[in-house]
Amino acid sequence: MARTSPTAITARTWMNTHVRVIGVAYDDIDVVPAPRAIVLVTEELAVTVVEHSPRFVVRSQHVAIPLPHTVQLVDYVHVPTRPVVDDDSRATFAAILARDRHRCAYCGRGGARTVDHVHPKSRGGGETFGNLVAACAACNGRKANRTPEEAGMPLLWVPRAPRDDHKRQRAIWRELAPAP
Ligand SMILES: [Zn+2]
């Protein structure tokens with residue numbers, strides 16, 4: 001059940017580790033600093049479902065509990081969740097090129113190094129996940145200050161905020177699976 005970690009934890013470093021928090025339905029809730037997770041466990045708001053490996057016992061005057069890797073909330077308690085990234089969230093050019101894997105959204109060629117505002121910036125188009133796409137220099141120059149419709153250059157896909165929910169949920173199932 002336990003995951004391996006490359007480095008052993010010490011009394012000095014455990015506080016810098018992070019613990020995954022999952023909900024009653026094994027849904028991904030958050031990743032919190034280890035001290036916060038210890039508080040959740042000691043206050044009986046959460047139980048450890050996967051211990052940190054290698055094992056390390058957190059000791060204080062009042063508690064001695066194994067450092068968790070994953071804790072599960074015992075009820076629908078409120079913990080602060082990740083900031084939500086949506087299509088209207090501001091995006092960096094680097095994030096757009098990474099999301100689109102440097103593929104030009106107009107011609108589909110790889111190696112794109114520029115980012116295009118689908119709705120032109122000069123006409124109010126935002127620097128958001130929903131309005132930015134990777135584009136090669138040729139397409140970016142040809143499209144210029146026009147919308148895809150005006151330029152006759154349809155987008156090959158609809159730009160959206162990147163989502164890694166599925167990846168995180170798969171990681172949870174993997175961690176909870178009995179060792180073969
Ligand atoms: Zn192109």
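Since we're looking at a predicted model, the values are computed, not measured. Along every chain, residues carry numbers that run from 1 in the direction the sequence is written. Per-residue local features are limited, in this predicted model, to residues with pLDDT of at least 70; the limit for side-chain atom pairs, both in listing and counting, is 80 or more; totals at the level of whole chains, interfaces and linings are taken over all residues. Each side-chain value is worked out from all heavy atoms of the structure, with water and hydrogens disregarded.

Here the zinc ion is held by the protein donor atoms C104 (SG), C107 (SG), C136 (SG) and C139 (SG), which lie 2.3 Å from it. For the zinc ion, the four donor atoms in the first shell make angles of 100 to 116° at the metal, a pattern classed as tetrahedral. C107 sits in the partly exposed class, given a relative accessible area of 30%. Water is not among the atoms examined, so metal sites may look incomplete; donors are the N, O and S atoms within 2.8 Å of the metal, or within 3.2 Å for Na, K and Ca. For four-coordinate sites, all angles between 85 and 135 degrees define a tetrahedron; for four- and six-coordinate sites, opposite donors beyond 155 degrees with the remaining angles between 65 and 115 define square planar and octahedral shapes respectively, and all other cases count as irregular. To sort residues, take the accessible area from a 1.4 Å probe on protein chains only and compare it with the maximum for the residue type: under 20% means buried, over 50% means exposed, and anything in between is partly exposed.

The next subject is the sheet that holds strand β1 (residues 18-22). If you walk across this open sheet you meet the four strands as β2-β1-β6-β3, and the pairing is mixed. Edge positions in the open sheet fall to β2 (28-33) and β3 (46-51), since each of these has one partner strand only. Going from strand to strand, the sheet's axes swing by 30° on average, the running direction of each strand aside. When DSSP finds two or more bridges between a pair of strands, those strands are recorded as paired. Where helices and strands are cited, they refer to DSSP runs of H or I of at least four residues and of E of at least two residues respectively, numbered from the N terminus. Alignment of β3 against strand β6 (residues 68-73), held across five bridges, turns out to be antiparallel. Paired with V50 across the bridge in β6 is T70. In what follows, a contact means two residues having at least one pair of non-hydrogen atoms within 4.5 Å. To obtain each axis, a line is fitted to C-alpha atoms, and for helices this fit is confined to the stretch in contact; angles are then taken between N-to-C directions over 0 to 180 degrees. Along the sheet, helix α1 (residues 34-42) makes contact with β1, β2, β3 and β6, crossing β2 at roughly 115°.

Another point: the nonpolar core. Membership of the largest hydrophobic core comes to 19 residues, with the highest contact counts inside it found for I96, C104, Y106 and C139. Of all the secondary-structure elements, those providing two or more residues to this core are α2 (93-99) and β8 (132-135). Per element, the largest residue contribution to this core is four residues, and it comes from β8. Setting aside residues up to four positions removed in sequence, C104 forms contacts with R109, A112, A134, A135, C136, C139, L156 and W157. Definition used in this section: a nonpolar core is a set of buried Ala, Val, Leu, Ile, Met, Phe, Trp, Tyr and Cys residues joined via side-chain atoms within 4.5 Å. The next biggest cluster of nonpolar side chains, apart from the first, holds 18 residues, and it includes V21, F56, L67 and V71.

Structurally, the position occupied by H117 is in strand β7 (residues 114-117). Residue class for H117 comes out buried when judged on its relative accessible area of 12%. A distance of 3.2 Å separates the side chain of H117 from the side chain of E127, its partner in a polar contact. Excluding its chain neighbours within four sequence positions, the residues that come into contact with H117 are F93, G125, G126, E127, N131, L132 and K143. N or O atoms closer than or at 3.5 Å make up a polar contact, with two conditions inside protein: a donor-capable atom paired with an acceptor-capable one, and, for residues adjacent in sequence, both atoms drawn from side chains.

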